[in-house]
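# Structural characterization, general
Each chain, letter by letter, is given below.
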Amino acid sequence: CQVMNYMVDAYYIAELLRKEDPEAFKLLCEVEVRFENNGGDGGSALVHVAPHFELEAGDSSGHTLRAVRFSSKSGQYAPPLGDEKMAAFYRARRRFSELAHDPKYVMSLQLKPGDLLMFDNQRLLHARSSIAPTDGERWVQGCYLDRDGLWLNYERWRRRAETTE
């Protein structure tokens, strides 16, 4: 199999953008876009409206990233904006994409049978090369964890531990 997998630390790229152009970073934190996913086969319909960059709630400094959402295949439809703001928003999004596609920030690897790759889907941007007809059969299994469920259980156990001390 000749398929290459590509990964980029979106938090790192977002921080580069923040340093380079704070206004662009701010726009990507504020403008909510519509993400859509049909499961690849049209068998489902997932829609989520959120900004590209989400900051940690309760962080009074407004500096801590909680999530980065960026996908070339899931819409990212922007709401109606004034001409200047729309142009600035798309300029910011293009610049983030340019940084994310810069080879010096991309990690490449080739998975072998039995390999496991685990990552935070709201931090790591990922893609793959095309699959050649000569690559043969390929089996990849995705597994998704619900972040809210993890935090709910963490908090539940933290409180239990607190009351037993």
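See the structure printed just above.
Overview of the structure. Quantities reported herein were computed from a predicted structural model and do not represent experimental measurements. (Residues numbered from 1 in each chain as written. Predicted model: local features only at pLDDT ≥ 70, side-chain atom pairs only at ≥ 80, totals over all residues. Heavy atoms only, no water.)

## Let's talk about the nonpolar core
Core analysis: the biggest nonpolar cluster contains 24 residues, and Ile13, Leu17, Leu28, Phe53, Leu65, Val68 and Phe96 have the highest contact counts within it. Broken down by secondary-structure element, the contributors of at least two residues to this core are α1 (10-20), α2 (22-30), β2 (32-37), β5 (65-68) and α3 (83-100). In terms of residue count, α1 provides more of this core than any other element does, six residues in total. Not counting residues up to four positions away in its chain, the partners in contact with Phe96 are Ala10, Ile13, Ala14, Leu17, Leu28, Phe53, Val68, Phe70 and Leu125. (Core = buried A, V, L, I, M, F, W, Y, C linked by side-chain atoms within 4.5 Å. Buried < 20%, exposed > 50% of the residue type's maximum accessible area, 1.4 Å probe, protein only. Helix = DSSP H or I, 4+ residues; strand = E, 2+ residues; numbered from the N terminus. Contact = heavy atoms within 4.5 Å.)

## Some points on the pattern of salt bridges
This structure, assessed with the given rule, holds 12 salt bridges. Of the charged contacts in the structure, one is a salt bridge between Arg123 and Asp9, with a shortest N-O distance of 2.9 Å. Of the two residues, Arg123 sits in the loop between β7 (107-109) and β8 (124-128) while Asp9 sits in strand β1 (residues 5-9), which places them 114 residues apart along the sequence. Here Glu155 and Arg158 are joined by a salt bridge, their closest N and O atoms 2.5 Å apart. With Glu155 and Arg158 both in helix α4 (residues 147-164) and three residues apart, this pair spans about one turn of that helix. Glu155 sits in the partly exposed class, given a relative accessible area of 22%. Members of the salt-bridge network, linked through shared partners, are Glu155, Arg158, Arg159 and Glu162. (Salt bridge = Lys/Arg side-chain N within 4 Å of Asp/Glu carboxyl O.)

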